[in-house]
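If you want the building blocks of each chain, they are given just below.
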Amino acid sequence: MSEDKRMKVYLKGLKKKKIKGIELIKRDEKIELWEERPNCGLFILHYSEGSEDDYHVLRSHLLQYGPLSSLIILSGINYGYACYESLESAAIAYETINNSYPILPFSPKPHPFTVLYTPIQHNLQLGKDSICYENVPVPGLIIEKDFISAEYEQLLVEELDKLPWNPLANRRVQHFGFDFIYGANSINPETPSSGFPAWINPLLTDLQLKFGISYDQLTVNDYQPGDSIPPHIDSHSPFEEILACISILGPISMCFRNTDGREFNQFIPPRSMLAMTDEARYVWKHSIQQRRHDIVNGNLVHRKRRISLTFRKIRIGPCRCKYPEFCDRDRYEEGSN
Ligand SMILES: O=C(O)CCC(=O)C(=O)O
Ligand SMILES: [Fe+2]
């Protein structure tokens with residue numbers, strides 16, 4: 001076949017793929033595309049696996065045309081969405097990609113891709129469960145960024161990795177102060193397991209200053225991408241009100257769910273402190289959902305290893321929270337068993 005003919009066949013194949021891609025976007029994203037008028041927003045028909053590597057391949061290519069304000073490429077879906085900061089950059093990308101068919105090293109094999117203008121600021125419908133926000137309206141939830149330094153974060157990881165991790169179904173854990181009894185979601189106050197190692201002291205001091213609480217139980221969770229913790233409320237009776245959770249290494253989102261159906265994904269940056277007080281502590285369930293990515297401000301954030309340190313204070317006496325319908329105080333009342 002001549003080179004000319006080969007090119008024609010190749011472009012015909014690409015055109016067919018494009019028509020199929022548009023149908024898919026209409027079906028999944030429920031939007032009609034506006035193909036002709038230049039717009040900052042672009043649907044990308046990348047025909048790849050949408051893996052993390054594919055995401056980075058696309059991102060570095062698209063950045064050649066100008067700064068992006070959004071890029072969402074989801075695993076297992078062969079189209080994505082990008083938004084340029086300027087119309088000019090989007091137009092250069094559109095013209096260059098659709099006229100010169102650059103071949104990118106996608107998985108499973110290198111191939112060209114196409115882009116389409118869209119007038120709609122889009123969060124991919126198929127990725128909407130993973131959209132999270134920097135401040136969600138959960139009463140009593142406090143998030144403080146940059147609570148610890150990068151140096152101390154590094155030290156915590158090194159020290160924790162010297163100690164044995166206990167594997168659970170979807171993550172690994174360590175406990176300090178008192179052992180945590182899974183199932184009962186409690187501790188045995190009669191049998192303190194171990195004290196806190198000295199390298200925890202700076203955190204204990206900071207939390208004491210912040211909340212006036214001397215925390216005495218610590219659960220450390222270690223999550224790899226895709227790991228999770230099921231929805232739960234930390235039992236009221238064994239622990240006092242304020243739970244303080246320090247996050248290190250990777251970013252993640254935590255899902256807060258109320259029994260009335262409200263649900264919010266809170267983005268948690270590394271080295272931040274998240275405190276659950278009042279309703280956030282006693283009423284809302286929290287969980288880390290099984291995912292490898294989160295979407296924040298229109299951008300895909302791939303999860304990495306994340307460690308959390310949850311500080312709790314053992315409660316002496318019954319819980320007297322304002323939420324008896326959510327409280328387990330009856331189970332722990334004196335004389336009951
Ligand atoms: O990993 C986290 O931030 C949450 C941990 C947690 O909810 C718990 O250990 O009870
Ligand atoms: Fe918890």
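Residues numbered from 1 in each chain as written. Chains lettered and ligands numbered in written order. Predicted model: local features only at pLDDT ≥ 70, side-chain atom pairs only at ≥ 80, totals over all residues. Heavy atoms only, no water.

**What about the overall build of the protein?**
Alright, step 1. Scanning the protein from N- to C-terminus turns up seven helices and 22 strands.
Alright, step 2. Counting over 337 residues, the protein shows a buried share of 51%.
Alright, step 3. At a minimum sequence separation of 6, the contacts of the protein that also span at least 24 residues come to 74%.
Alright, step 4. By element, 53% of the accessible surface of the protein is carried by carbon and sulfur atoms, the whole surface being about 16,700 Å².
Alright, step 5. One finds the centroid of the 39 positive side-chain charges in the protein at a distance of 7 Å from the centroid of its 43 negative side-chain charges. (Helix = DSSP H or I, 4+ residues; strand = E, 2+ residues; numbered from the N terminus. Buried < 20%, exposed > 50% of the residue type's maximum accessible area, 1.4 Å probe, protein only. Contact = heavy atoms within 4.5 Å. Areas by Shrake-Rupley, 256 points an atom, 1.4 Å probe, with all protein chains shown as cover. Lys, Arg positive; Asp, Glu negative; His and termini not counted. Charge placed at Lys NZ, Arg CZ, Asp CG, Glu CD.)

**A short note on helix α2 (residues 52-62)**
Alright, step 1. Within α2, the full set of buried residues consists of Asp-54, Tyr-55, Val-57, Leu-58, His-61 and Leu-62. Seen from one end, α2 has its buried residues packed into an arc of 165°, which puts them on one side. (Arc of directions from axis to C-beta.)

**A word on the sheet that holds strand β13 (residues 217-223)**
Alright, step 1. Strand order in the open sheet formed by seven strands is β8-β18-β15-β22-β13-β10-β9, with antiparallel pairing between adjacent strands. Only two strands of the sheet have a single neighbouring strand rather than two, namely β8 (141-144) and β9 (166-167).
Alright, step 2. As paired strands, strand β10 (residues 172-176) and β13 are joined by five bridges and run antiparallel to one another. Bridge pairing links Val-173 to Asn-221 in β13.
Alright, step 3. Helix α4 (residues 150-162) contacts β10, β13, β15 (243-249) and β22 (306-312) of the sheet and is inclined by roughly 90° relative to β15. (Pairing = 2+ DSSP bridges. Axes fitted to C-alpha atoms, helices over the stretch in contact; angles between N-to-C directions.)

**Regarding the sheet that holds strand β14 (residues 229-232)**
By way of backbone hydrogen bonds, the strands of a sheet pair with one another, either parallel or antiparallel.
Alright, step 1. Judged by pairing direction, the sheet is antiparallel, and its four strands sit side by side in the order β14-β19-β16-β17 without closing on themselves. Strands with a single pairing partner mark the edges of an open sheet, and in this sheet they are β14 and β17 (263-268). Strand after strand, the sheet turns through a mean of 20° between neighbouring axes, direction not considered.
Alright, step 2. Relative to strand β19 (residues 285-288), β14 runs antiparallel, the two sharing two bridges. Residue pairing across strands places His-232 opposite His-286, the latter belonging to β19.

**Overview of the UniProt feature "domain: Fe2OG dioxygenase" (unreviewed entry) in the protein**
Alright, step 1. As annotated in UniProt, the feature "domain: Fe2OG dioxygenase" (unreviewed entry) corresponds to residues 214-315 in the numbering used here.
Alright, step 2. The distance from the first to the last C-alpha atom of residues 214-315 is 12 Å, and the span holds 5% helix and 52% strand. (UniProt positions renumbered as here; feature names shortened; annotations may be inferred.)

**A short note on the domain arrangement of the protein**
Alright, step 1. You can read the domains of the protein as domain 1 (3-122) and domain 2 (130-332).
Alright, step 2. Each of domain 1 and domain 2 has a C-alpha centre, and these two points are 40 Å apart.
Alright, step 3. Taken residue by residue, the interface counts 10 residues in domain 1 and seven residues in domain 2.
Alright, step 4. Of the roughly 630 Å² buried at the junction of domain 1 and domain 2 (both faces included), carbon and sulfur atoms supply 55%.
Alright, step 5. Put simply, the parts of the chain that give the side of domain 1 that touches domain 2 at least two residues each are α2 and β2 (68-73). (Domains from an automatic or database assignment. Buried area = accessible area lost by both parts, 1.4 Å probe.)

**Re the nonpolar core**
Alright, step 1. If you look at the biggest cluster of nonpolar residues, it comprises 41 residues, and the most contacted ones within it are Phe-43, Ile-44, Leu-58, Leu-62, Leu-71, Tyr-84 and Phe-113.
Alright, step 2. Counting residues per element, the ones that place at least two in this core are α1 (3-29), β1 (41-45), α2, β2, β3 (79-84), α3 (87-100) and β6 (114-118).
Alright, step 3. Here this core gets five residues from one element, more than from any other, and that element is β3.
Alright, step 4. In terms of domain composition, this core takes at least three residues from each of domain 1 (3-122) and domain 2 (130-332).
Alright, step 5. Other than its neighbours up to four places away in sequence, Leu-62 contacts Ile-44, Leu-68, Leu-71, Ala-82, Tyr-84, Ile-97 and Phe-113. (Core = buried A, V, L, I, M, F, W, Y, C linked by side-chain atoms within 4.5 Å.)

**Overview of the site of ligand 1**
Alright, step 1. As a matter of local geometry, ligand 1 sits amid Asn-221, Tyr-223, Ile-229, His-232, Asp-234, Cys-245, Met-254, His-286, Arg-306, Ser-308, Thr-310 and Arg-312.
Alright, step 2. Here an oxygen atom of ligand 1 sits 2.9 Å away from a polar atom, N or O, in the side chain of Arg-312.
Alright, step 3. Bound to the protein, ligand 1 loses 96% of the 290 Å² it would expose on its own.
Alright, step 4. For the shell around ligand 1, the elements supplying multiple residues, two or more each, are β13, β14 and β22.
Alright, step 5. Considering each element in turn, the shell around ligand 1 owes the most residues, four residues, to β22.
Alright, step 6. Taken together, the residues that form the shell around ligand 1 break down as four nonpolar, five polar and three charged. (Near = heavy atom within 4 Å. Polar contact = N/O pair within 3.5 Å; in protein donor to acceptor, adjacent residues only side chain to side chain. Nonpolar A, V, L, I, M, F, W, Y, C, P; charged D, E, K, R; others polar.)

**Quick word on the pattern of salt bridges**
Alright, step 1. This model, assessed by the stated rule, comprises 17 salt bridges.
Alright, step 2. Note that Asp-278 and Lys-322 form a salt bridge whose closest N and O atoms lie 3.4 Å from each other. One end of the pair, Asp-278, is in helix α6 (residues 278-282); the other, Lys-322, is in the loop between β22 and α7 (329-332), and 44 residues separate them in sequence.
Alright, step 3. As a salt-bridge pair, Arg-303 and Asp-294 come within 2.9 Å of each other at their nearest N and O atoms. Neither Arg-303 nor Asp-294 differs from the other in exposure class; each is buried.
Alright, step 4. Through salt bridges with shared partners, a single network forms among Asp-161, Arg-172, Asp-222 and Arg-305. (Salt bridge = Lys/Arg side-chain N within 4 Å of Asp/Glu carboxyl O.)

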